[in-house]
Amino acid sequence: MKALVGSWENRPYRLLAEVTALRTRVAELETELSVVQEENATLRESVREADEIAVVLTS
């Protein structure tokens, strides 16, 4: 770990490991968020299309 951070890092290794784990978790959550946002966009488009079809059928 010290090689990745550099010799200037003076925090205890336990804290470095915790920071690394948290950064990894944040990256995972950002990826999951991106997937969910794409799914939401797809669902919104489906609802919009369904509403358009319903309007055409009732007209």
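Bear in mind that the values here come from a model prediction, so they are computed numbers and not experimental data.

Calculation criteria
- Residues numbered from 1 in each chain as written.
- Predicted model: local features only at pLDDT ≥ 70, side-chain atom pairs only at ≥ 80, totals over all residues.
- Heavy atoms only, no water.
- Helix = DSSP H or I, 4+ residues; strand = E, 2+ residues; numbered from the N terminus.
- Buried < 20%, exposed > 50% of the residue type's maximum accessible area, 1.4 Å probe, protein only.
- Areas by Shrake-Rupley, 256 points an atom, 1.4 Å probe, with all protein chains shown as cover.
- Salt bridge = Lys/Arg side-chain N within 4 Å of Asp/Glu carboxyl O.

Draft legend 1. Geometry of the overall build of the protein chain. Looking only at helices and strands, the protein chain has 2 helices and 0 strands in total. Across the 59 residues in the protein chain, those meeting the buried criterion constitute 7%. For the protein chain, the exposed surface amounts to about 5300 Å²; the carbon and sulfur share of it is 61%.

Draft legend 2. Molecular detail of the pattern of salt bridges. Applying the stated criterion across every chain, the model contains 3 salt bridges. In this structure, Glu-28 and Arg-25 form a salt bridge, with 3.2 Å as the shortest nitrogen-oxygen distance. With Glu-28 and Arg-25 both in helix 2 (residues 13-58) and 3 residues apart, this pair spans about one turn of that helix. Judged by relative accessible area, Glu-28 falls into the partly exposed class, the value being 38%. With a relative accessible area of 41%, Arg-25 lands in the partly exposed category. A salt bridge links Glu-32 to Arg-25; the shortest N-O distance between them is 3.9 Å. Assessed through its relative accessible area of 44%, Glu-32 is described here as partly exposed. Each member of the salt-bridge network shares a partner with another, and the members are Arg-25, Glu-28 and Glu-32.

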